[in-house]
Amino acid sequence: LTWHVFLKERRLESSLNVFRSLPQVLSSVRDVQRIVEYVDGCVLCSGNEDERFVDLLSSRNGAIMDATGSMCVAYLDKAHSTVRSSNCELLVSPSVTQCQSCQLYRPTLRALCSRVVRQARSGNDRTDPSSHTPFRNLTTPEKEIRYQREHTLRRSHERCIDHLKEKLEKEVEDRGVAVDECLHQDLTQIMQQNTDTVLKSCPPGSFGRIFWECQKRATSLKDARSMRWDPLMVRWCLYLRHLSSSAYEMLRDSGVMKLPSQRTLRDYTHHTKATIGFSLDVDKQLSVAANLSSCEEREKYVILIADEMHIKENLLCRCHYWFHQHW
């Protein structure tokens, strides 16, 4: 026969350290009597009763989760006002006050309390919108405060943007000059007359010269679809659109300069078909760009760093490939 001890609706296995001196299998009435007497003499593990540890767990909803946020590593025993490790054995021999699991977790609790004190001294408010503290490490009241502050900050930014838009529209209305066909011809003529000056100041192959030549060629065409853009100009436009697609479109619609349409840029950004997982076409491009054939063996070892990314609003996803692969 085997035996187990139940305490606080938790089953304590006979293989715990506190029961190491007891027989694992019952072979006589004497064994039962010995186990009962030993368990009756055991005391409850005191855990970590420090007030600062109890306050720390109270601010974290009574539990400390692991890095993934899926498993509890320590919890607050409210009945005894102490902090226990999730592996706490609950019972210990009369000669000690803590189980080994709670004793080993005590340095972690001290480090967490020290971090809270340092943050308080440095004025680092975890509920501030500029805080880098992940939401999973915030308590429920802290999350609510941070959500409210971020909402307030966003409304303030929106009001500021609206004010700047009104101010800009008023400036354009008061001081703006409409470019009619006659003025357009004058600007084009000025541009052609100063071509030699620009070419002398910008060496061949420089971005300034390429930009000037593209603008001159684009303004001379009657049909914008016949324009062939320089690759360096396309890369610069892709960089601008990557910073802000709406700002790029506004700059293009303003007529200040001639820029390729976003449909033209899309042919360059969507050269390879986007699929789930690693793309063989992209791997081939990276291999050619890195010139792996001439690299030494030690130079072929690389590190892939995955970072968070922001997904643009109103983005459409084609799920046909995923369903084809998984159903």
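Now for a look at the structure at hand. In this text, all values refer to a predicted model and were calculated from it rather than measured experimentally.

Some words on the pairing of strand β5 (residues 72-77)
Sheet analysis places strand β4 (residues 63-65) next to β5, joined by 3 bridges and oriented antiparallel. Across the sheet, Ala 63 pairs through a bridge with Tyr 75, a residue of β5. Once β4 ends, the chain turns through 6 residues before running back antiparallel as β5, passing Gly 69 with a positive phi of about 75°. Note that β5 and strand β6 (residues 82-85) share 4 bridges and pair antiparallel. Looking at β6, one finds that Ala 74 is bridged to Ser 85. The turn linking β5 back onto β6 is made up of 4 residues, and Ser 81 within it adopts a positive phi angle of 50°.

Side note on empty space enclosed by the protein
For the structure on display, the rule yields 1 cavity of 30 Å³ or more. Of the voids in this model, the largest cavity is the one considered here, and its volume is about 30 Å³. Residue assignment for the lining of the largest cavity shows that the elements contributing at least two residues are α5 (181-193) and α7 (207-220).

Focus: the side chain of Gln 215
Along the chain, the position of Gln 215 falls in helix α7. If sequence neighbours within four positions are ignored, Gln 215 has contacts with Met 191, Met 233, Met 257 and Lys 258.

Regarding a negative patch on the surface
Residues Asp 162, Glu 166, Glu 169 and Glu 173 make up a contiguous surface patch of negative charge. The topology assignment puts Asp 162 in helix α4 (residues 140-175). For Asp 162, a relative accessible area of 43% translates into the label partly exposed.

Points about a nonpolar patch on the surface
There is a patch of nonpolar side chains on the surface, built from Phe 278, Val 302 and Leu 304 and spanning about 430 Å² of accessible area. Structurally, Leu 304 can be placed in the loop between α11 (280-290) and α12 (320-326). Look at Leu 304 and you get exposed, because its relative accessible area is 71%.

Regarding the layout of surface pockets
In this structure, the second largest pocket occupies an estimated 640 Å³ of space. Considering the residues around the second largest pocket, the lining is formed by 27 residues, among which Arg 60, Arg 126, Arg 136, Asn 137 and Leu 138 are closest to the centre. For the lining of the second largest pocket, the secondary-structure elements that each account for two or more residues are α2 (51-59), β4 and α3 (100-122).

Comments concerning the sheet that holds β6
Sheet architecture is open: 3 strands sit in the order β4-β5-β6, paired in antiparallel fashion. Either end of the sheet is taken by a strand with one partner, and the two such strands are β4 and β6. Between one strand axis and the next, the sheet turns through 15° on average, direction left out of account. The sheet contacts of α2 involve β4, β5 and β6, and relative to β5 the element is tilted by about 110°.

Notes on the environment of Lys 216
Within the element layout of this structure, Lys 216 appears in helix α7. Owing to a relative accessible area of 33%, Lys 216 belongs among the partly exposed residues under this scheme. In this structure the C-alpha to C-alpha distance between Lys 216 and Lys 258, which are 42 residues apart in sequence, comes to 9.1 Å. Sequence-distant contacts of Lys 216, defined by excluding residues within four places in its chain, comprise Met 191, Gln 192 and Thr 195.

Parameters and conventions
Residues numbered from 1 in each chain as written. Predicted model: local features only at pLDDT ≥ 70, side-chain atom pairs only at ≥ 80, totals over all residues. Heavy atoms only, no water. Pairing = 2+ DSSP bridges. Helix = DSSP H or I, 4+ residues; strand = E, 2+ residues; numbered from the N terminus. 1 Å grid on protein atoms, 1.4 Å probe; cavity = no way out; pocket = protein on both sides within 12 Å on 5 of 7 lines; lining within 4 Å. Points joined across faces, edges and corners; volume = space filled by probe spheres on them. Contact = heavy atoms within 4.5 Å. Patch = residues over 30% accessible without salt bridge, like charges linked within 9 Å, V, L, I, M, F, W, Y side chains within 5 Å. Areas by Shrake-Rupley, 256 points an atom, 1.4 Å probe, with all protein chains shown as cover. Salt bridge = Lys/Arg side-chain N within 4 Å of Asp/Glu carboxyl O. Lys, Arg positive; Asp, Glu negative; His and termini not counted. Charge placed at Lys NZ, Arg CZ, Asp CG, Glu CD. Buried < 20%, exposed > 50% of the residue type's maximum accessible area, 1.4 Å probe, protein only. Axes fitted to C-alpha atoms, helices over the stretch in contact; angles between N-to-C directions.

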